[in-house]
Amino acid sequence: MIKDFGVTAIHCTPSYAMHLSEVAEEMDTSLDSLKTGIFGAGAWSESVRKTLERRLGLTAYDSYGLSELFEPGVAFECPERNGLHIWHDSYLVEIIDPRTGEQLSDGEQGELFVTPLVKEAMPLLRYCTGDVTMLLEDSCLCRRGKKITRIMGRSNDMLVIRGINVFPSQIEYVLLKIPEVGNQFMVY
Ligand SMILES: [Zn+2]
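All figures in this text were calculated on a predicted structure; none of them were measured in a lab.

### Overview of the sheet that holds strand 5 (residues 84-86)
Pairing is mixed in the open sheet, where 7 strands are placed in the order 1-2-3-4-5-10-9. The sheet terminates laterally at strand 1 (9-12) and strand 9 (135-136), the two strands that pair on one side only. The sheet contacts of helix 2 (residues 14-26) involve strand 1 and strand 2 (36-39), and relative to strand 1 the element is tilted by about 130°. Running at roughly 135° to strand 3 (residues 59-64), helix 3 (residues 46-56) makes contact with strand 2, strand 3 and strand 4 (75-77) of the sheet.

### Considerations on the pairing of strand 6 (residues 91-96)
Most of strand 6 is tucked away, with 5 of its 6 residues classed as buried. In this structure, strand 6 lies alongside strand 7 (residues 110-116), joined through 6 bridges in antiparallel fashion. Its bridge partner being in strand 7, Tyr91 is matched across the sheet by Pro116.

### Thoughts on helix 3
Each full turn of the α-helix corresponds to 3.6 residues, which orients residues three or four apart in the same direction. Residues of helix 3 that are buried include every one of Ser47, Val48, Arg49, Thr51, Leu52, Glu53 and Leu56, and no others. On its buried face, helix 3 is in contact with helix 2, strand 2, strand 3, strand 4 and helix 4 (168-175). Looking one or two places after helix 3, you find Gly57, whose phi comes out positive at around 65°.

### Examining the coordination of the zinc ion
Taken together, the protein ligands of the zinc ion are Cys78 (SG), His85 (NE2), Cys140 (SG) and Cys142 (SG), with distances of 2.0 to 2.4 Å. Its 4 donor atoms give the zinc ion angles of 98 to 113° at the centre, a pattern that matches the tetrahedral case. One chain supplies every donor for the zinc ion, spaced along it as C-x6-H-x54-C-x1-C. Exposure remark for His85: the relative accessible area of 5% places this residue in the buried category.

### Let's talk about helix 4
Residues of helix 4 that are buried: Pro168, Ser169 and Glu172. Buried residues along helix 4 cover an arc of 100° about the axis, so they all sit on one side.

### Details of the pattern of salt bridges
Scanning the entire structure with this criterion turns up 10 salt bridges. A salt bridge links Glu25 to Arg55; its shortest N-O distance comes to 3.2 Å. Of this pair, Glu25 sits in helix 2 while Arg55 is found in helix 3, placing the two residues 30 residues apart along the sequence. By relative accessible area, which is 28% here, Arg55 ends up partly exposed.

Here is what the cut-offs are and how they apply
Residues numbered from 1 in each chain as written. Predicted model: local features only at pLDDT ≥ 70, side-chain atom pairs only at ≥ 80, totals over all residues. Heavy atoms only, no water. Pairing = 2+ DSSP bridges. Helix = DSSP H or I, 4+ residues; strand = E, 2+ residues; numbered from the N terminus. Contact = heavy atoms within 4.5 Å. Axes fitted to C-alpha atoms, helices over the stretch in contact; angles between N-to-C directions. Buried < 20%, exposed > 50% of the residue type's maximum accessible area, 1.4 Å probe, protein only. Donors = N, O, S within 2.8 Å, 3.2 Å for Na, K, Ca; no water. Tetrahedral: all angles 85-135°; square planar, octahedral: opposite > 155°, others 65-115°. Arc of directions from axis to C-beta. Salt bridge = Lys/Arg side-chain N within 4 Å of Asp/Glu carboxyl O.

This is the structure in structure tokens:
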């Protein structure tokens with residue numbers, strides 16, 4: 001279908017995109033009409049981004065959203081690909097220390113709480129996403145307000161090793177630098 005219709009953009013999970021690239025390879029077909037990939041709803045690393053870009057010949061952007069919060073998403077990367085812009089007119093976001101419940105400042109890592117501002121049928125207040133990220137100062141040319149970093153892990157997955165907060169995603173980052181490891185995704 002991608003080939004038949006000359007599809008140029010795809011929005012799916014990174015693992016599905018990886019699957020697509022593998023199927024295309026098995027079928028000995030190319031998906032070279034694709035130019036843009038927006039991937040989310042699953043944890044993925046920078047090394048996975050590079051792999052998807054190489055295998056699918058597109059530019060890969062991160063997106064963040066949860067079905068509880070309203071689709072299609074809460075935050076997206078812009079062409080700078082340095083943090084995800086939040087739709088501030090639709091969501092109020094806070095970063096909370098999951099241990100103390102205190103609100104954290106920009107640059108401090110904590111759990112993302114989101115209050116949808118336009119959702120009607122199922123209003124939510126300070127929804128605890130369980131996702132760990134931090135707010136970034138607005139230094140982007142887009143000038144669309146503060147951004148969040150890519151999701152670093154799940155708040156209930158955090159390990160404290162010798163006093164340092166460690167997430168499985170950080171271990172994945174190191175492991176995927178080893179070529180023999182392959183392209184496995186961490187499952188949170
Ligand atoms: Zn931007």
